[in-house]
Amino acid sequence: MGRLASSIAGGGLAVTLLALPCAAAAGEELKPYTVSGDAIVESLTGAPGDATRGRTLILERTNTCILCHSGPFPEEKFQGDLAPNLAGSGSRWSAAQLRLRLVDASRLHPGTIMPSYYRIDGLDRVAPNWRDKPILSAGQIEDIVAYLATLRE
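In this text the structure is predicted, and so the values were computed from the model without any measurement.

Is there a simple way to explain the environment of V35 in this structure?
Along the chain, V35 turns up in the loop between α2 (12–18) and α3 (51–59). V35 gets classed as partly exposed once you look at its relative accessible area, which sits at 21%. C-alpha separation for the pair V35 and R107, spaced 72 residues apart in sequence, amounts to 9.4 Å. When neighbours within four sequence positions are excluded, V35 is seen to be in contact with I40, L100 and R107.

How should I be thinking about the nonpolar core in this particular structure?
The nonpolar side chains of soluble globular proteins are, as a tendency, buried together. Formed by 24 residues in total, the largest nonpolar core has its most connected members in I58, F73, I141, I144 and L148. Contributions of two or more residues to this core are made by α3, α4 (65–68), α6 (95–104) and α7 (138–150). Counting residues per element, this core draws most heavily on α7, at 6 residues. The contacts of I144, once residues within four sequence positions are left out, are G54, L57, I58, L102 and L136.

Which parts of the structure should I look at to understand the packing of aromatic side chains?
Both the distance between ring centres and the angle between the ring planes are used here to describe each pair of aromatic rings. Taken as a whole, this structure holds 1 aromatic pair when the rule is applied. Taking 6.4 Å as the distance between ring centres and 35 degrees as the angle between the ring planes, the aromatic pair formed by F73 and Y147 counts as tilted. One end of the pair, F73, is in the loop between α4 and α5 (89–92); the other, Y147, is in helix α7, with 74 residues separating them in the sequence. Residues F73 and Y147 agree in their burial class; the two are buried.

Even after reading the chapter, I still don't get the packing of α6 against α7, so can you show me in this structure?
When two helices pack together, their arrangement is given by the angle between the helix axes and the distance between those axes. Running from amino to carboxyl end, α6 crosses α7 at an angle of 135 degrees, the nearest separation of the two axes being 9 Å. Put simply, α6 runs oblique to α7. Of the two possible hands of crossing, α6 and α7 adopt the one that is right-handed. Two secondary-structure elements touch here, α6 through A95, L98, R99, L102 and V103 and α7 through I141, E142, I144, V145, L148 and A149. Of the residues contributing to the contact of α6 with α7, the split by class is 9 nonpolar, no polar and 2 charged.

What should I look at first to understand the pattern of salt bridges in this one?
Pairing between side chains of opposite charge can happen when the charged atoms of each approach one another. Enumeration over the complete set of coordinates arrives at 5 salt bridges. E142 is the salt-bridge partner of R99, the closest N and O atoms lying 2.8 Å from each other. You can see R99 sitting in helix α6 and its partner E142 sitting in helix α7, a full 43 residues away along the chain. For E142, a relative accessible area of 3% puts it in the buried group.

What counts as what
- Residues numbered from 1 in each chain as written.
- Predicted model: local features only at pLDDT ≥ 70, side-chain atom pairs only at ≥ 80, totals over all residues.
- Heavy atoms only, no water.
- Helix = DSSP H or I, 4+ residues; strand = E, 2+ residues; numbered from the N terminus.
- Buried < 20%, exposed > 50% of the residue type's maximum accessible area, 1.4 Å probe, protein only.
- Contact = heavy atoms within 4.5 Å.
- Core = buried A, V, L, I, M, F, W, Y, C linked by side-chain atoms within 4.5 Å.
- Phe/Tyr/Trp six-rings, centres within 6.5 Å; stacked < 30°, edge-to-face > 60°.
- Axes fitted to C-alpha atoms, helices over the stretch in contact; angles between N-to-C directions.
- Parallel < 35°, antiparallel > 145°, perpendicular 65-115°, else oblique.
- Left-handed = near helix turned anticlockwise from the far one by under 90°.
- Nonpolar A, V, L, I, M, F, W, Y, C, P; charged D, E, K, R; others polar.
- Salt bridge = Lys/Arg side-chain N within 4 Å of Asp/Glu carboxyl O.

In structure tokens form, the structure reads like this:
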């Protein structure tokens, strides 16, 4: 476990995660957003996300959530244990706080291993075919936020 933690701290996992297939629409321009404290108050799409699609995205191993996080997903045998359990996310954080954590968790925790899912500038060790592309689209971010906000226990 010590070697794994060293590898993670050294950024090895971040490179691996960013090399996974991206579900964001190719060529989609990033929507502008404003960070207010520890949150992004306004939806990236101007509309609420779909919680059902959000749950599906969290469980897709290509989007990486379930690789690091565990949660209330009894049908999933293999869940991550590197990051906080997602159960109760909607009780711990507002939708606006969840949105910033997905968009760019490094704004809150500079040393985090969580990828910036909706940021393309100032990143290190990004595979060439992923440069200038977000990992998730604005709509996917909103769908995940919608689902996480429902997790109250």
